[in-house]
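Here's the letter readout for the chains.
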Amino acid sequence: MLRSALSALACALPAPVAEAHCDGPCGVYDPASARVAAEAVLSTTKKLKAMEAPAAGDTAALAAYNNTFGRYVAIKEEEAQKTKKELLILWTDYFKPDHLATFPDLHDTFWKAAKLCSACKVNIDQAKAEELMAAVEKIHGMFWQSKGRSDAWVTAS
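So, here is what we can say about the structure in this document. Here the structure is a predicted model, which is why all the values come from computation and not from measurement.

1. Concerning the packing of helix 3 (residues 59–94) against helix 5 (residues 106–122)
Two numbers describe how helix 3 lies on helix 5: the axes approach to 8 Å, and their chain directions differ by 165°. Relative to helix 5, the element helix 3 lies roughly antiparallel. Remark: the crossing between helix 3 and helix 5 carries left-handed chirality. Two secondary-structure elements touch here, helix 3 through Lys76, Glu77, Ala80, Gln81, Thr83, Lys84, Leu87, Leu90 and Trp91 and helix 5 through Leu106, His107, Phe110, Trp111, Ala113, Ala114, Cys117, Ser118, Cys120 and Lys121. A class-by-class count of the residues in the contact of helix 3 with helix 5 yields eleven nonpolar, four polar and four charged.

2. Side note on helix 6 (residues 126–146)
In a regular helix each residue adds 1.5 Å, so 21 residues correspond to 30 Å; helix 6 covers 30 Å between its end C-alpha atoms and thus fits that length. The complete set of buried residues in helix 6 reads Ala129, Leu132, Met133, Ala135, Val136, Ile139, His140, Met142, Phe143 and Trp144. Residues of helix 6 that are buried make contact with helix 2 (32–50), helix 3 and helix 5. One side-chain oxygen of the residue at the start of helix 6 lies 3.0 Å from the amide nitrogen of Ala127, identifying that residue as Asp125. Gly148 sits one or two positions beyond helix 6 and adopts a positive phi of about 75°.

3. Topic: the pattern of salt bridges
Tallied over the entire structure, the rule returns seven salt bridges. One salt bridge connects Lys138 with Asp105, and the closest N-O pair in it is separated by 2.6 Å. Of this pair, Lys138 sits in helix 6 while Asp105 sits in the loop between helix 4 (99–102) and helix 5, and the two are 33 residues apart along the sequence. Look at Lys138 and you get partly exposed, because its relative accessible area is 40%. By relative accessible area, which is 31% here, Asp105 ends up partly exposed. Between Lys128 and Glu131 there is a salt bridge whose closest N-O contact spans 3.9 Å. Of the two residues, Lys128 and Glu131 are both situated in helix 6; the distance of three residues between them amounts to about one turn of the helix.

4. Observations regarding the side chain of His140
Locating His140 in the fold gives a position in helix 6. A polar contact of 3.5 Å, which involves the side chain of His140, links it to the backbone oxygen of Ala152. Residues contacting His140, with those up to four places away along its chain left out, are Pro31, Asp151, Ala152 and Trp153.

Thresholds, definitions, all that
- Residues numbered from 1 in each chain as written.
- Predicted model: local features only at pLDDT ≥ 70, side-chain atom pairs only at ≥ 80, totals over all residues.
- Heavy atoms only, no water.
- Axes fitted to C-alpha atoms, helices over the stretch in contact; angles between N-to-C directions.
- Helix = DSSP H or I, 4+ residues; strand = E, 2+ residues; numbered from the N terminus.
- Parallel < 35°, antiparallel > 145°, perpendicular 65-115°, else oblique.
- Left-handed = near helix turned anticlockwise from the far one by under 90°.
- Contact = heavy atoms within 4.5 Å.
- Nonpolar A, V, L, I, M, F, W, Y, C, P; charged D, E, K, R; others polar.
- Expected span 1.5 Å × (residues − 1).
- Buried < 20%, exposed > 50% of the residue type's maximum accessible area, 1.4 Å probe, protein only.
- Polar contact = N/O pair within 3.5 Å; in protein donor to acceptor, adjacent residues only side chain to side chain.
- Salt bridge = Lys/Arg side-chain N within 4 Å of Asp/Glu carboxyl O.

Put into structure tokens, the structure is as follows:
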């Protein structure tokens, strides 16, 4: 009964057809959010590599070390996932087939950047985090070139 009433209502008040290039037709794209997240990956990776384990037997220091280490790892992984999400949105929602004429390596660039995000989650590897920043910078350049602009690459740190 309820199903047929809802079906009748849907037929009487059909939704207009909406066309959008993504899940939400905002039209707002910017690689800055990927840059901020990738920068956090690099920063936390550096902090992790700089940490020194406490002396054996100092349980309070070991607890503090483990807590900080765990928090940094969690942040690094979360930011690497954010970077991947932001890059995938640009790749799948903003860039279109006609952009391939200007950027023939577009798919390879994004694919490798996404793989670097995964590598940064799996390891504590400063070289991979730096490669990720370089990949995001390249994507930044491609994005702004596609808009006919030349916005500067500016990092927070």
